[in-house]
Amino acid sequence: MPFRPVPHSELPSETPPRAPVPLAEFRSLMSGFATGVAVVTTLGPDGCPYGLTCTSLSSVAASPPVLAVCLTTQGETLRALLDCGAFAVNLLHEHGQHAAEVFAKPVADRFAEVVWQPSPDAGLPRLAEDAFATAECQVTRVLEVGDHTMVLGMVTGVTQTPATPLLYGGRRFAVWPDGEVPQPSSAPAVTPLPSSLPDLPC
């Protein structure tokens, strides 16, 4: 995947170093940013499944389709993911809160607490009863940032069924208010967003 470094002339001018905000303040900030809930899964060298709950998921590019996930650098899931070179992103539906909690805690065998099966193409762990969509991803780039590592993955396969997404924000779970997100057609129409939206600052 092509990568264009940002020229030095495009970077902000040097400024005096400043201290970061306290961790509690940063966590309070991010708790106000509600997101969907995903479980990132992969396979270890021995074929055993690994996974963790991840709300740090974003779309990076459409052509080629690339996702970014941020995982704890010292975690066993990241080590297994890097050895495997691939991972799956399982988007949880409204009944997937138990799975979200299991994969967010230090449980001895997380996969014993859920129903899972190999994904259709790459054979990665797919949460069969808790995820309404699963993206199979091939690792294309890795960047360590502080205590987390950002992993970019090109989406090589998608499995999706209509369902109501699970959300997380304000340190609690919620359900997508408009009901089911339908399964896309094979050639979905793309409706561009207007250049400006009412009641927004930009």
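If you're wondering where the values come from, they're calculated on a predicted model, not measured in any experiment.

Let's shift gears to the packing of aromatic side chains. This model, assessed by the stated rule, comprises 3 aromatic pairs. Judged by centre distance (5.0 Å) and plane angle (80 degrees), the ring pair of F103 and F111 falls under edge-to-face. For F103, a relative accessible area of 1% gives the class buried. The class for F111 is buried, based on a relative accessible area of 8%. Taking 5.6 Å as the distance between ring centres and 70 degrees as the angle between the ring planes, the aromatic pair formed by F111 and W116 counts as edge-to-face. Following the ring pairs from residue to residue traces out a cluster consisting of F103, F111 and W116.

Turning our attention to the pairing of strand β6 (residues 86-92). Burial runs high along β6: 6 of the 7 residues are buried. Strand direction decides the pairing type here: strand β2 (residues 38-43) and β6, joined by 4 bridges, are antiparallel. Bridge pairing in β6 links V39 to N90. In this sheet, strand β9 (residues 131-145) lies alongside β6 in antiparallel orientation, the contact comprising 7 bridges. Each residue of the ladder has a partner; that of A86, found in β9, is Q138.

Turning next to helix α2 (residues 76-84). For α2, the full list of buried residues reads T77, L78, A80 and L81. The arc that holds the buried residues of α2, viewed along the axis, is 165 degrees, so those residues lie on one side. Residues of α2 that are buried in the fold lie against β2, β3 (49-54), β5 (65-72), β6, β9 and β10 (148-160). A positive backbone phi angle near 80 degrees is found at G85, which sits one or two residues after α2.

If you walk across this open sheet you meet the 7 strands as β3-β2-β6-β9-β10-β5-β4, and the pairing is antiparallel. One side of each edge strand has no neighbouring strand; the edge strands of this open sheet are β3 and β4 (57-62). Averaged over all pairs of adjacent strands, the angle between their axes in this sheet comes to 35 degrees, without regard to strand direction. Bridging between β2 and β3 involves 6 bridges; their strand directions are antiparallel. Across the sheet, the residue bridging to V40 is L52, located in β3.

Attention now moves to the environment of D46. One can find D46 in the loop between β2 and β3. Judged by its relative accessible area of 55%, D46 falls in the exposed class. The sequence separation of D46 and A80 amounts to 34 residues, and the corresponding C-alpha distance is 9.6 Å. Within the local environment of D46, its side chain forms a polar contact with the backbone nitrogen of C48, the two atoms lying 3.1 Å apart.

The strand order β1-β11-β12 describes an open sheet built from 3 strands, whose pairing is antiparallel. Strand pairing shows two members of the sheet lacking a second neighbour, β1 (35-36) and β12 (172-175), which therefore form its edges. Note: strand β11 (residues 166-169) against β12, 4 bridges, orientation antiparallel. What sits directly across from L167, in β12, is A174.

Basis of the calculations
Residues numbered from 1 in each chain as written. Predicted model: local features only at pLDDT ≥ 70, side-chain atom pairs only at ≥ 80, totals over all residues. Heavy atoms only, no water. Phe/Tyr/Trp six-rings, centres within 6.5 Å; stacked < 30°, edge-to-face > 60°. Buried < 20%, exposed > 50% of the residue type's maximum accessible area, 1.4 Å probe, protein only. Helix = DSSP H or I, 4+ residues; strand = E, 2+ residues; numbered from the N terminus. Pairing = 2+ DSSP bridges. Arc of directions from axis to C-beta. Contact = heavy atoms within 4.5 Å. Axes fitted to C-alpha atoms, helices over the stretch in contact; angles between N-to-C directions. Polar contact = N/O pair within 3.5 Å; in protein donor to acceptor, adjacent residues only side chain to side chain.

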